Structure formats: C-alpha cells, structure tokens
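Here are the chains, one letter per residue:
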Amino acid sequence: MLSHHERVELDKIEHWFETSDPELAAALRRGKPARSAALLTAFAILLDVAACGLLVAGLVGASPVLTVCSLFAAAGGVAAHVAGCRDRG
C-alpha cells in the first residue's frame, strides 16, 4: 500500500508525463513502446532508393539477380510505408 504522500507524488508525475509528452503517456497506457516515425520514414526512403538503384543496375547489366533483389527491396519499402501509415492513422 502506498502512503498518501507517495500517491500524491505519483499523481504529479503522471500529470507531468501527460502534459509534457502526451504521445509517450498514451504509449505507456497501451503498453507498447513508441516508435520513431522519422526513423521508419528514413528506412522506407532508403529502401525505395535501393530498389530503384538495384533495378537500374539489374536492367543495365542484364543481371536477373540484381533485378530480383530490387523486387525484395521494393517489397520491404512497401511494408515500411504501410507500417508508417498504420502508425499515423
């Protein structure tokens, strides 16, 4: 059991979290760690660029291996974009 003083201090901390970072407070209530949206977006863009580069290299060099790798990179980019949209929506 918490004392009255401890309960008041915990309420102050909870209020501070809710006012200073409502997104963190909501994530803590859900029990899920907050993801960095910027990191996920950067990863998705990196996969898009890699897919384009691999596709061009595969077509210019007539390499089916690079072309297939570009498809995998594109699929990863799509998955990262979908995950980002799901977090925002």
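Scroll up to find the structure this text is about.
Residues numbered from 1 in each chain as written. Predicted model: local features only at pLDDT ≥ 70, side-chain atom pairs only at ≥ 80, totals over all residues. Heavy atoms only, no water.

1. Concerning the overall build of the chain
Okay, so step 1: The secondary structure content of the chain amounts to 4 helices and 0 strands.
Okay, so step 2: Taken over C-alpha atoms, the radius of gyration comes to 22 Å for the chain, far larger than the 12 Å a tight globule of 89 residues would show.
Okay, so step 3: Principal-axis analysis of the C-alpha atoms gives the chain an extent of 75 × 20 × 20 Å.
Okay, so step 4: For the chain, buried positions account for 13% of its 89 residues.
Okay, so step 5: Within the chain, contacts between residues at least 6 apart in sequence are counted, and of these 44% link residues at least 24 apart.
Okay, so step 6: For the chain, the accessible area works out to roughly 6,900 Å², and carbon and sulfur atoms hold 71% of it.
Okay, so step 7: One finds the centroid of the 8 positive side-chain charges in the chain at a distance of 7 Å from the centroid of its 9 negative side-chain charges. (Helix = DSSP H or I, 4+ residues; strand = E, 2+ residues; numbered from the N terminus. Rg over C-alpha atoms; globule rule 2.2 N^0.38 Å. Buried < 20%, exposed > 50% of the residue type's maximum accessible area, 1.4 Å probe, protein only. Contact = heavy atoms within 4.5 Å. Areas by Shrake-Rupley, 256 points an atom, 1.4 Å probe, with all protein chains shown as cover. Lys, Arg positive; Asp, Glu negative; His and termini not counted. Charge placed at Lys NZ, Arg CZ, Asp CG, Glu CD.)

2. Points about the environment of S70
Okay, so step 1: As for its position among the elements, S70 is in helix α4 (residues 64–88).
Okay, so step 2: When the C-alpha atoms of S70 and A57 are compared, they prove to be 9.2 Å apart, with 13 residues separating the residues in sequence.
Okay, so step 3: Once you skip the residues sitting within four places of it in the chain, S70 turns out to touch A51, L54 and L55.

3. Details of unusual backbone geometry
Okay, so step 1: Positive phi, close to 50 degrees, is recorded for A62, a residue that is not glycine.
Okay, so step 2: Structurally, A62 is set in the loop between α3 (37–60) and α4.
Okay, so step 3: A62 sits in the exposed class, given a relative accessible area of 64%.

4. Some words on the packing of helix α1 (residues 4–20) against helix α2 (residues 22–30)
Okay, so step 1: At a closest axis distance of 5 Å, the pairing of α1 and α2 adopts a crossing angle of 120 degrees. By the criterion of interaxial angle, the relationship of α1 to α2 is oblique. In this structure, α1 uses F17, E18, T19 and S20 to contact α2, whose residues at the interface are P22, L24, A25 and R29.
Okay, so step 2: In terms of residue class, the contact of α1 with α2 is built from 4 nonpolar, 2 polar and 2 charged. (Axes fitted to C-alpha atoms, helices over the stretch in contact; angles between N-to-C directions. Parallel < 35°, antiparallel > 145°, perpendicular 65-115°, else oblique. Nonpolar A, V, L, I, M, F, W, Y, C, P; charged D, E, K, R; others polar.)

5. Regarding the pattern of salt bridges
Any two side chains of opposite charge can pair, on the condition that their charged atoms come close.
Okay, so step 1: Applying the stated criterion to the full structure yields 1 salt bridge.
Okay, so step 2: A salt bridge links K12 to E9, with the shortest nitrogen-to-oxygen separation between them at 3.5 Å. Residue K12 and its partner E9 are located together in helix α1, separated by 3 residues, close to a single helical turn.
Okay, so step 3: For E9, a relative accessible area of 32% corresponds to the partly exposed category. (Salt bridge = Lys/Arg side-chain N within 4 Å of Asp/Glu carboxyl O.)

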